[in-house]
Amino acid sequence: MELEVAVAKVGKYATSESGDTFEMIERPQGGLSFVLVDGQHSGRGAKNISNIVARKAISDLAEGVRDGAVARAAHDYLFTYRQGKVSATLNIVSADLTTHTIVLARNNHCPTIVVAPSGLRLLDQPSNPVGIYARTKPNMTELPLVADTTVVVFTDGLMSAGEFTGRQLDLVSLVHDQTAYGTPDAQRIADALLSAAVEADDNRPDDDISVVVLTVTDETSRDGARRLLVRAPL
């Protein structure tokens with residue numbers, strides 16, 4: 001099998017810096033973890049908040065802390081550091097090679113979309129952001145690490161795209177259309193969702209938008225190499 005993860009993100013229109021932060025880390029017992037954080041509001045202040053949460057999560061994951069405990073610790077850290085006055089949404093997506101599972105930790109009111117051999121699921125249980133409410137816990141989901149699995153997580157800029165133009169997106173249908181035929185392509189799915197959101201906002205995103213897509217396929221690399229490609233405007 002082969003794991004592919006793609007990210008597509010854009011900042012709020014006419015805002016100098018995105019409040020969303022994405023990080024990845026290799027798990028010490030095998031596998032990879034991906035962290036997506038959306039700081040409260042937009043701009044530099046939001047970026048500072050999301051960086052604080054992402055750095056804490058990545059640091060704990062690197063030490064082998066389990067995902068649920070990592071999310072709780074990130075909440076406790078932000079809650080203490082900013083005295084419960086600011087919030088951030090947090091998603092941790094892990095491919096755990098010890099348990100051979102995909103582990104999803106969610107402190108985000110936005111749902112997570114999962115396409116598995118059994119069909120499409122929407123993980124939309126009520127969930128609080130980190131940093132505001134005491135003893136906040138993540139919603140935890142564990143899935144088999146099997147081929148033909150796609151996981152889509154995103155910040156609220158994607159879910160709210162088109163609200164002010166009357167063209168709000170049907171994200172479930174968009175993901176279904178991208179995964180219904182052929183081998184799922186993580187980058188294609190991420191790009192398609194981001195493009196649809198930007199277009200729905202008349203090419204002026206009303207909020208920071210980030211999309212993370214993980215796919216597991218039957219394909220295998222002939223040389224066994226790991227590869228990472230990053231593209232960013234300068």
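Residues numbered from 1 in each chain as written. Predicted model: local features only at pLDDT ≥ 70, side-chain atom pairs only at ≥ 80, totals over all residues. Heavy atoms only, no water.

S.K.: Honestly, the sheet that holds strand β10 (residues 209-217) in this entry has me stumped. Any pointers?
M.R.: Working definition: the strands of a sheet are paired by backbone hydrogen bonds and lie parallel or antiparallel to each other. Here five strands make up an open sheet; going across it, the order is β1-β10-β9-β6-β7 and the pairing antiparallel. Of all the strands in the sheet, just β1 (2-10) and β7 (119-123) have a single pairing partner and so form its edges. Neighbour-to-neighbour, the strand axes of this sheet turn through a mean angle of 15 degrees, independent of strand direction. In terms of strand pairing, strand β6 (residues 112-116) meets β7 through five bridges, oriented antiparallel. In the strand pairing of β7, Ile113 is matched with Leu122. Those strands touched by helix α4 (residues 171-179) are β6, β7 and β9 (149-154), and its axis lies near 30 degrees from that of β6. Where helix α5 (residues 186-200) meets the sheet, its contacts fall on β1, β9 and β10, and the angle it forms with β1 comes to roughly 20 degrees. (Pairing = 2+ DSSP bridges. Helix = DSSP H or I, 4+ residues; strand = E, 2+ residues; numbered from the N terminus. Axes fitted to C-alpha atoms, helices over the stretch in contact; angles between N-to-C directions. Contact = heavy atoms within 4.5 Å.)

S.K.: Is there a simple way to think about the packing of aromatic side chains in this case?
M.R.: To describe a pair of aromatic rings, one takes the distance between the centres and the angle between the planes. This model, assessed by the stated rule, comprises two aromatic pairs. Relative to Tyr81, the ring of Tyr77 lies with its centre 6.1 Å away and its plane at 5 degrees, an arrangement referred to as stacked. With Tyr77 and Tyr81 both in helix α2 (residues 67-81) and four residues apart, the pair spans about one turn of that helix. The class of Tyr77 is partly exposed, set by a relative accessible area of 40%. (Phe/Tyr/Trp six-rings, centres within 6.5 Å; stacked < 30°, edge-to-face > 60°. Buried < 20%, exposed > 50% of the residue type's maximum accessible area, 1.4 Å probe, protein only.)

S.K.: Looking at this structure, I do not really get the pairing of strand β3 (residues 31-39). What am I missing?
M.R.: Where burial is concerned, most of β3 is hidden: nine out of the nine residues are buried. Bridge count between strand β2 (residues 20-26) and β3: seven bridges; the pairing is antiparallel. Following the sheet pairing, Phe22 is matched in β3 by Leu36. Count of turn residues in the β2/β3 antiparallel hairpin: four residues, of which Gly30 carries a positive phi of about 110 degrees. By the bridge criterion, nine bridges tie β3 to strand β4 (residues 88-96) in an arrangement that is antiparallel. When the bridges of β4 are listed, Leu32 appears paired with Ala95.

S.K.: Mind showing me how you'd approach the layout of surface pockets here?
M.R.: A probe as big as a water molecule, rolled over the atoms, marks out the empty space that is left. Approximately 1800 Å³ is the volume found for the largest pocket. Together, 47 residues line the largest pocket, and Glu4, Val5, Arg227, Leu228 and Leu229 are the ones closest to its centre. Looking at the lining of the largest pocket, the elements that each hand over two or more residues are β1, β2, β3, α5 and β10. In terms of residue count, β1 provides more of the lining of the largest pocket than any other element does, nine residues in total. Residues belonging to the lining of the largest pocket are distributed by class as follows: 23 nonpolar, eleven polar and 13 charged. As a volume, the second largest pocket reaches approximately 270 Å³. The wall of the second largest pocket is formed by 17 residues, among which Arg27, Val65, Arg66, Asp67 and Asp96 lie closest to the centre. Elements represented by at least two residues in the lining of the second largest pocket include exactly α2 and β8 (139-144). (1 Å grid on protein atoms, 1.4 Å probe; cavity = no way out; pocket = protein on both sides within 12 Å on 5 of 7 lines; lining within 4 Å. Points joined across faces, edges and corners; volume = space filled by probe spheres on them. Nonpolar A, V, L, I, M, F, W, Y, C, P; charged D, E, K, R; others polar.)

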